[in-house]
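Notes for the structure review
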Amino acid sequence: MAAHMIPSEEEELLNESRGRSFAFPTRVAMVVGSFALAGSALALRFTPSRGARAAPRSFLGLEEEPACFQKGMYWADPYKMGGTERSVELGAVSCQGRCQSVPGCRHFSFWPDGGCMLTSEDSSLEAAPFKYSDVITGPKFCDKADDAPDAPAGPAGEAQSVWGAGTEAANAVQSGIQQAADAVSGAADAASQAIEDLTGVNGTACEAYPACVAVGITGECCPNVDTIRLGCCDGFPKVVEAVTIAAGTECSKFPTCTALNMTGGCCPTPDGVMLGCCTQI
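Residues numbered from 1 in each chain as written. Predicted model: local features only at pLDDT ≥ 70, side-chain atom pairs only at ≥ 80, totals over all residues. Heavy atoms only, no water.

Regarding the overall build of the chain
Secondary structure assignment for the chain yields six helices and seven strands. Mapped from its N terminus to its C terminus, the chain presents α and β elements in the order α-α-β-β-β-α-β-β-β-β-α-α-α. Within the span of the chain, comprising 281 residues, buried residues form 35% of the whole. Within the chain, residue pairs in contact and separated by at least 24 positions form 63% of the contacts whose partners lie at least 6 positions apart. (Helix = DSSP H or I, 4+ residues; strand = E, 2+ residues; numbered from the N terminus. Buried < 20%, exposed > 50% of the residue type's maximum accessible area, 1.4 Å probe, protein only. Contact = heavy atoms within 4.5 Å.)

Right, dumping it as structure tokens:
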């Protein structure tokens, strides 16, 4: 697809104040990752070599969106990865396919107008305002194993994978286990408080918020599973009342106001303020 300028709706969103998001402390994430990696290494160690091979990747059809896609969020800071531009795609699946063909792409944002933005691991998820609730995000591959570097084929490759994973896990556990243990208790309290602060007045379920139901978002919304409070949690956007200009108060009826390039209501304004140009000739 040919590159295009960012449409006005995305420029408007990028200039608006963004929703709050919560990320678990880095040290806690390192510990959880270390234990998960150690567990993976042990599982591989005691599993027959043929069972360690990944199952074939399934083909994603264009007629339906995979379960790994999410609505109401977009990737930002930065909103696109370096060396890429916005493209127009037929659907979110096509946008994901473009991400799969670009080295360094880790996820994408697909906008209601067909805009496809690719992002790298440097970007972070943010909640979209209610009027952008149809934006769809997703990973490069729905099967995270597909996004990992390929190991050499055959028994030697499997042995290398087991050895590398075991060595990395051992080093991580030895260097960070004590530091992580000291941080876990405080981090758990902080995480619980952060989620409580993001929880909506009607709970976390999307079904409890008419605005979320109106845009077809289901499951958890306030916050969602990524601990992001979606824009629909705050209800429908406020309806702006039309400004009524009384007859005879138009700026165009007063030469001095007209000379100052003023338009609308001047003498007085809709708020009842009589401007200085109303009495000047």
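Brief notes about the sheet that holds strand S1 (residues 70-71)
Two pairing modes exist for strands in a sheet, parallel and antiparallel, and in both the strands are linked by backbone hydrogen bonds. Reading across from one edge, S1-S7-S4-S5-S3 is the order of the five strands in this open sheet, with antiparallel pairing throughout. Lying at the two open borders of the sheet, with one neighbouring strand each, are S1 and strand S3 (87-88). Bridge analysis of strand S4 (residues 107-110) against strand S5 (residues 115-119) gives four bridges, and the strand direction is antiparallel. In the strand pairing of S5, Phe110 is matched with Cys116. (Pairing = 2+ DSSP bridges.)

Quick look at the state of the cysteines
If you walk through the whole model with that rule in mind, you get nine disulfides. Disulfide partner of Cys68: Cys142, at an S-S distance of 1.9 Å. Placement of the pair is Cys68 in the loop between helix H2 (26-45) and S1 and Cys142 in the loop between strand S7 (136-139) and helix H4 (154-198), with a sequence separation of 74 residues. Judged by relative accessible area, Cys68 falls into the partly exposed class, the value being 23%. Each sulfur of the disulfide joining Cys257 and Cys277 lies 1.9 Å from the other. On the sign convention where negative is left-handed, the bridge of Cys257 and Cys277, at about 90 degrees about the S-S bond, is right-handed. (Disulfide = S-S within 2.5 Å.)

Observations concerning the packing of aromatic side chains
Considering all chains together, one arrives at three aromatic pairs under this definition. Geometrically, the ring pair formed by Phe69 and Phe108 is edge-to-face, given 5.3 Å between the ring centres and 75 degrees between the ring planes. Taken together, the residues span a long stretch of sequence, with Phe69 in the loop between H2 and S1 and Phe108 in strand S4 at a distance of 39 residues. The exposure class of Phe69 is buried, given its relative accessible area of 10%. On the basis of relative accessible area, Phe108 is assigned to the buried category, the value being 0%. Seen in terms of ring centroids, Tyr74 and Trp111 are 5.8 Å apart; in terms of plane orientation they differ by 50 degrees. Their pairing is tilted. A residue pair is termed long-range when its members are at least 10 positions apart, and Tyr74 in strand S2 (residues 73-76) and Trp111 in the loop between S4 and S5 qualify at 37 residues. (Phe/Tyr/Trp six-rings, centres within 6.5 Å; stacked < 30°, edge-to-face > 60°.)

With respect to the pairing of S5
Within S5, five of the five residues are buried, which leaves the element mostly enclosed by the surrounding structure. Side-chain alternation along S5 places Gly115, Met117 and Thr119 on one buried face and Cys116 and Leu118 on a second face that is also buried. Linking S4 back to S5 in an antiparallel pair, the connection comprises four residues, with Gly114 at a positive phi of about 95 degrees.

Considering the pairing of S7
Strand direction decides the pairing type here: S1 and S7, joined by two bridges, are antiparallel. From the neighbouring strand, Gln70 faces S7, where its bridge partner is Thr137. Where S4 and S7 come together, four bridges link them in antiparallel fashion. Counted as the bridge partner of Phe108 is Gly138 from S7.

So, the nonpolar core
Grouped together as the largest cluster of nonpolar side chains are 17 residues, with contacts concentrated most on Cys212, Ile217, Cys221, Ile228, Leu230 and Cys232. Put simply, the parts of the chain that give this core at least two residues each are S2, strand S6 (124-127) and helix H5 (210-214). Contact partners of Leu230, with chain neighbours within four places excluded, come to Lys71, Gly72, Met73, Ala127, Ile217, Cys221 and Asn224. (Core = buried A, V, L, I, M, F, W, Y, C linked by side-chain atoms within 4.5 Å.)

Examining the side chain of Ser123
Topologically, Ser123 is positioned in the loop between S5 and S6. By relative accessible area, Ser123 is classed as buried at 8%. Other than its neighbours up to four places away in sequence, Ser123 contacts Trp75, Ala76, Asp77, Pro78 and His107.

Some points on the environment of Val213
For Val213, the position within the fold is in helix H5. The class for Val213 is partly exposed, based on a relative accessible area of 48%. Counting along the chain gives 19 residues from Val213 to Cys232, while the straight-line C-alpha distance between them is 8.6 Å. Among residues more than four places away in sequence, those in contact with Val213 are Cys206 and Glu207.

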